[in-house]
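Examination of the molecular architecture
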Amino acid sequence: MQTQGHPYDILRWYLDAGVDETIGEAPVDRYAALQRAQQVRAAAAQTQSPAPQQRPGAPGPAPVAAPVAGAAVPGTAAHIAAGCATLAELRIALEGFEGLSLKHAAASTVFADGNPEAAVMCIGEAPGQEEDRQGLPFVGPSGKLLDRMLKSIGLDRSTAYITNVVPWRPPANRKPTPDEVAVCMPFVSRHIELVDPQVLILFGGAAASALLAKAEGINRLRGRWFEFNSPGLPRPVPVLATFHPAYLLRTPEAKRDAWRDLLMVHKRLTAGRH
């Protein structure tokens, strides 16, 4: 008679087999979610593109068709985000945004922490309970670990800037849904444009798949350089994804890989100083 293994052994077997994400009870079409996020980003880019100047005496522009679904019409996240010229305006816009029901279940709009003039911008998934209570990203146990991770490469909250893809805590600390991420993406893109960092670090699978527009799990995305492009940036920003500190607290053996990822960031930053 075969006996059942220890739950830890079963989880270890899944990790060794390449399983790096938990699956909920309801199916999620991640490709459709990515397509929605790309449509939102394209709509935001359209609102920021300057209109061509018309020559005197030239015929007027041809009639424009009605906007399709996902276009940046007034009142949408893409339209609101595009109109923000400063971080202060972006924060006020998020605090007044009513386009996501998730906001009404949260105590705070968790905007950002750290130095907006820093070279490194860190982006996580969404606030947890302690972040929601304090109104700051990455506090509590995961925040303390993030501070130690940054310190290991010579950074702290005065030399890094920290935010999340979703600024409101999902109920019961669940992961944000693809639809929730898609709604927030115009604000995240504008946030990155206004900070204009030298390097982006994405913590966790939700942040990585949203900003890189890729369906792979974090185990396949981490440890590789990508680029983030947006119309309001003077040049593409190098991006590196790694494990979320909350995951590292649950899976200490993954800290070795996260350390390697941070060394890649440190190497990139120091190379830029020479």
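Relevant structure appears above.
Let me sum up the structure you'll find in this document. (Residues numbered from 1 in each chain as written. Predicted model: local features only at pLDDT ≥ 70, side-chain atom pairs only at ≥ 80, totals over all residues. Heavy atoms only, no water.)

One open sheet accounts for six strands, arranged β1-β3-β2-β4-β6-β5; its pairing is mixed. In this open sheet, the two edge strands, each paired with only one partner strand, are β1 (113-114) and β5 (225-228). Pairing of strand β2 (residues 120-124) with strand β3 (residues 160-164) involves five bridges; the strand directions are parallel. In the strand pairing of β3, I123 is matched with T163. Contacting β2, β4 (199-203), β5 and β6 (237-242), helix α8 (residues 205-212) crosses the sheet at an angle of about 130° to β4. (Pairing = 2+ DSSP bridges. Helix = DSSP H or I, 4+ residues; strand = E, 2+ residues; numbered from the N terminus. Contact = heavy atoms within 4.5 Å. Axes fitted to C-alpha atoms, helices over the stretch in contact; angles between N-to-C directions.)

Below, the discussion takes up the packing of aromatic side chains. Evaluation of the coordinates by the stated rule reveals three aromatic pairs. Aromatic pair F97 and F187: ring centres 5.1 Å apart, planes at 70°, arrangement edge-to-face. With a gap of 90 residues between them, F97 in the loop between α4 (87-96) and β1 and F187 in helix α7 (residues 178-195) connect regions that are remote in the sequence. Residues F97 and F187 agree in their burial class; the two are buried. Sitting over the ring of W225, R268 keeps its end group 4.6 Å from the ring centre. (Phe/Tyr/Trp six-rings, centres within 6.5 Å; stacked < 30°, edge-to-face > 60°. Buried < 20%, exposed > 50% of the residue type's maximum accessible area, 1.4 Å probe, protein only. Lys NZ or Arg CZ within 6 Å of the ring centre and 35° of its normal.)

Now for the nonpolar core. If you look at the biggest cluster of nonpolar residues, it comprises 64 residues, and the most contacted ones within it are I123, I192 and L211. Take this core: its biggest share by element is seven residues, from α7. (Core = buried A, V, L, I, M, F, W, Y, C linked by side-chain atoms within 4.5 Å.)

Another aspect to go through is the side chain of T163. Within the fold, T163 resides in strand β3. Overall, T163 belongs to the buried group, its relative accessible area being 3%. Among the polar contacts made by the side chain of T163, one reaches the main-chain carbonyl oxygen of F111 at a distance of 2.7 Å. Setting aside residues up to four positions removed in sequence, T163 forms contacts with F111, A112, M121, C122, I123, G124, P137, F138 and H191. (Polar contact = N/O pair within 3.5 Å; in protein donor to acceptor, adjacent residues only side chain to side chain.)

Bringing the pattern of salt bridges into the picture now. Using the criterion set out here, one finds 10 salt bridges in the structure. The partner of K103 in a salt bridge is E98, with the nearest N and O atoms 3.5 Å apart. A residue is classified by how much of its surface remains accessible, and E98, at 53% relative accessible area, is exposed. Between D196 and R235 there is a salt bridge, with its nearest N and O atoms 2.6 Å apart. Here D196 is found in the loop between α7 and β4, whereas its partner R235 is found in the loop between β5 and β6, with 39 residues between them in sequence. A relative accessible area of 32% places R235 in the partly exposed class. (Salt bridge = Lys/Arg side-chain N within 4 Å of Asp/Glu carboxyl O.)

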